[in-house]
Structures are given as structure tokens and as C-alpha cells.
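Residue-level listing of the chains:
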Amino acid sequence: MGETLVNFKRLSSAAAVLSVAALALTACGSDNPTGAAQSSPSGDQDTAASVSGTLTGAGASSQSSAMDAWTNAFAAANSGAQVQYSPDGSGAGRKAFLAGGAQFAGSDAYMSEEELADSKKVCGPEGAFDVPAYVSPIAIAFNLEGVESINLDAPTIAKIFKKEITKWNDEAIASQNPDVQLPDTAITVVHRNDESGTTENFVEYLKAAAGDVWDYEVSGDWPKDIQSENAKGTSGVVSTTSSTDGAITYADFSAVGKLSTVNVKVGQQYTEISAEAAAKALEAATPVEGRGEHDMALELARDTTEAGTYPIVLVSYHVYCSSYKDQQTVDLVKAFGNYVVSEEGQKAAQESAGNAPLSSAIAEQAGAAIDSITVAE
């Protein structure tokens, strides 16, 4: 394997992916939105100066706010270029990418082995690869008049979303919140009705942390036999929950607005959702084995018991081809991709979406992966 993968696997922990220190570092970044394009994490100085054309992407709705910031800043800095992104959901984005309908995908789940094999049809013999672009905790968000937050352990969360607990004043909830006045209000579960990386990340947590209760397979599709309210995309579930007293859902933390949130029990303590707590949860993540040289997919430790961590975290990736048909497209992909993972790009996303930025170490790895993209032979 090449030097990039070797270096990546030498990272002792996923603190290289995300760190609290990185949160502070972004405050020192330049306000120049061209910073990544003109000085990428991998040292490429020239790519963005002459890029032009339209880059098309589709995928994760969790990235919507961040993507707006990225595309607007990138277009402002490169008058001949624009990026169009359709937040149709991770599954739809990967399908569009694999069908040749998008030049990159945003996905809250890394590509499966089958998808990587299929990508060779549109990306050439080296196929596609995943690079982390956006990191954020997934909130368990609810709408209950007079209640701003509650404490819940994993089995209780699983029982709520399985609809085994149906009232907010159920003893399983009340016993963990003795100081909260819980009403006798029915719980309305709201889930995604589209194939979603956010769903996959959420149920992966339920399976790992409450496997005795959550006996469904991990999937980007919500279990069909759990009949509940549903909506498309992050904005859809947040909107439905916001308009329904007693509703609960799961969504990217940046998008929940005024909804209340759950403090999740980890070990013997309850952890409030925050970028810092999400950063700590990623410290136990490890690279997925058997991937390509430049693929940066990560396995997350959903069942961590370390206090202060928030384990319901998504790492949202950008999926790129290892090669494209012409130099113009290669230059455009490299310029935009490097801007996204740069300090300036991550700062822009954080200001817009409130997510946690990539660390400098992972940004450098991502930049090297993006700079490996070539013109198809």
C-alpha cells in the first residue's frame, strides 16, 4: 500500500479525525474563502486559480447548511466555476453517483464493498474513494411543551423508537428524570422515509448500545414493521417534529433548531450533545480494513462507556472518483474538494452548520487523497 494509507493507519486514534484542539484552531483561520483552493492541505498551490465549469453533487441532507457555505464561498472565489448539490439523502446520492448522474456524492455512510466494485464502471479501474468532509453529532430531538432536555439511556431510547414506550411519563423515562415534570402525552416517533446515512448511523448506535432491545439489522432504511410518522430528509423530520407536540426524531444537530434534545447515558453519566463530546467519541474510531489506498472510511465505537463522550455521531463523507474523463473536471474536483477539507472550508461550515471541524492531520490526509485524482487513460 502507498504512503498515504500507511500514514493514515499509523494514526493512533480517531483523535486524528477530530479533536477538541481542532475546534480552537479554526478560530485562527483566514477569512479568505479561496484559502483551500489556492493552498490545499496537501500543498497544491495552483489548481484553483484557473478552474471553471459546473461540478454536480448529490447526497446527504445533513450536509445542507455546510454545503451552502462551501458552494457559495467557492463560487465567489472562482468566478468561472460553480457547484450544484442536491440534498436528496445519502442513498440517493450514492446511487446518482454510481449511475454517472453526479460527479461526487455526499454520504453519511461510507461506500459498501459492493458499491466500491460498482464504482469502477464510472470511475475507472481504481474506482471511488471516501474522504471525511463533515462531522457532527446526531441529536435525538423532541418537542414537548415545557421540557428543554431529558436524560435517557440506550435501552430506553431503543424502546421509544420501537414504540414499546408510548407515553412521556412512562416510568422508564421518569426514573431517569426525577426533577422533570413529564406530561401524560403520547410519544410520536418521526423517522426518515428515504434511504439515509443518518438513519444508518442512528440505528447502528441502537444496535451496538442496546442490542438486547434493538433487534433489527443496521440499514439506511427504517424498519418497515415500525409504523410511525415519517418524512423525507433532515428538514422533513425536523419540520414534522416541530409541529407535533410529543414528537421525537433523530437528525443532524445543526438542523434541529429550537427542538429540545436528549442527554445520552454513557457509562454512569449522561452526556449533553455538543461538538466537543462528539470529538471525544471519535477517539476510539479506527480505519476500515481492506479499503483502497486513498479511502478514509472509519469504524466508530458506538458502545463506548467513557464519560463525556457523545456516541451518536456521523462522519459524512464526500465520495470522489479516482479518475475523471478530462483535466477540467479533475481540476474542478480537486479545487472544490481541497477547499472543503481545508481550515478555511471547515471554518465556513462550522459557522454555518455548527459542526465540528476536521483536525489538521485528517485534513492533510484528505487533501493528499483528493490530489491523487487523475485524468482517465
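Reading the values: the criteria
- Residues numbered from 1 in each chain as written.
- Predicted model: local features only at pLDDT ≥ 70, side-chain atom pairs only at ≥ 80, totals over all residues.
- Heavy atoms only, no water.
- Helix = DSSP H or I, 4+ residues; strand = E, 2+ residues; numbered from the N terminus.
- Buried < 20%, exposed > 50% of the residue type's maximum accessible area, 1.4 Å probe, protein only.
- Salt bridge = Lys/Arg side-chain N within 4 Å of Asp/Glu carboxyl O.
- Contact = heavy atoms within 4.5 Å.
- Polar contact = N/O pair within 3.5 Å; in protein donor to acceptor, adjacent residues only side chain to side chain.
- Phe/Tyr/Trp six-rings, centres within 6.5 Å; stacked < 30°, edge-to-face > 60°.
- Pairing = 2+ DSSP bridges.
- pLDDT = per-residue confidence, 0-100.
- Core = buried A, V, L, I, M, F, W, Y, C linked by side-chain atoms within 4.5 Å.
- Domains from an automatic or database assignment.
- Arc of directions from axis to C-beta.

What follows is about unusual backbone geometry. Phi angles above zero are rare outside glycine, and Lys163 is one such case at about 70°. Considering the arrangement of structural elements, one finds Lys163 in the loop between α7 (154-161) and α8 (171-174). With relative accessibility at 38%, the residue Lys163 sits in the partly exposed group.

Moving on, we get to the pattern of salt bridges. According to the stated counting rule, one finds 12 salt bridges in the structure shown. Among the salt bridges present, the one from Glu113 reaches Arg291, with a minimum N-O distance of 3.3 Å. Here Glu113 is found in helix α6 (residues 113-123), whereas its partner Arg291 is found in the loop between β11 (286-287) and β12 (298-299), with 178 residues between them in sequence. Among the ionic pairs, Asp118 bridges to Lys121, the shortest N-O distance being 4.0 Å. Of the two residues, Asp118 and Lys121 both sit in helix α6, three residues apart, roughly one turn of that helix. Connected via shared salt-bridge partners are Arg94, Lys95, Glu115 and Glu195.

Within the secondary structure, Gln63 sits in the loop between β1 (53-59) and α4 (64-77). Between the C-alpha atoms of Gln63 and Ser316, which are 253 residues apart in sequence, the distance is 7.6 Å. Not counting residues up to four positions away in its chain, the partners in contact with Gln63 are Trp70, Tyr85, Gly106, Ser107, Tyr134, Ser316, Tyr317 and His318. A distance of 2.7 Å separates a polar atom in the side chain of Gln63 from a polar atom in the side chain of Ser316. A polar contact is formed between the side chain of Gln63 and the side chain of His318, at a distance of 2.7 Å.

In total, this model carries 14 aromatic pairs according to the counting rule given. Seen from their ring centres, Phe104 and Phe336 are 5.7 Å apart, and the 45° between their planes marks the pair as tilted. On the criterion of sequence distance, the pair formed by Phe104 in strand β3 (residues 104-107) and Phe336 in helix α12 (residues 327-341) is long-range, its members being 232 residues apart. A residue is classified by how much of its surface remains accessible, and Phe104, at 0% relative accessible area, is buried. By relative accessible area, Phe336 is classed as buried at 0%. By way of ring pairs, the aromatic residues Phe74, Tyr85, Phe104, Phe129, Tyr320 and Phe336 are connected into one cluster.

In terms of burial, strand β6 (residues 188-192) is largely enclosed, as four of its five residues are buried. Both β6 and strand β8 (residues 247-252) contribute to a ladder of two bridges, which runs parallel. Residue pairing across strands places Thr188 opposite Ala247, the latter belonging to β8. As judged from the three bridges shared by β6 and strand β7 (residues 229-231), these two strands associate in the parallel manner. Bridged to His191 within β7 is Asn230.

Further remarks concern the confidence of the model for the protein chain. Residue-level pLDDT values for the protein chain average 87, and 86% of them are 70 or greater. With pLDDT under 50 throughout, residues 1-48 is counted as low confidence; its partners more than four residues away or in other chains account for 110 contacts.

With that out of the way, let us pick up the nonpolar core. If you look at the biggest cluster of nonpolar residues, it comprises 105 residues, and the most contacted ones within it are Trp70, Phe97, Phe161, Phe202, Tyr320 and Phe336. At 11 residues, the largest contribution of residues to this core is made by strand β4 (residues 128-143). Three or more residues apiece are contributed to this core by two domains, here domain 1 (53-135 + 285-299 + 314-375) and domain 2 (138-277). The contact partners of Trp70, leaving out residues within four places of it in the chain, are Gln63, Ala133, Tyr134, His318, Phe336, Tyr339, Val340, Gly345, Gln346 and Ala349.

If you check which residues of α6 are buried, you get Glu115, Leu116, Ser119 and Cys123. Axial view of α6: buried residues confined to an arc of 95°, hence all on one face. The outward face of α6, more than 90 degrees from its buried face, is lined by the exposed residues Glu114 and Lys121. Each element contacted by the buried residues of α6 is listed here: α5 (90-98), β4, β13 (313-321) and β14 (323-324). At the exit of α6 stands Gly124, carrying a positive phi of roughly 90°.

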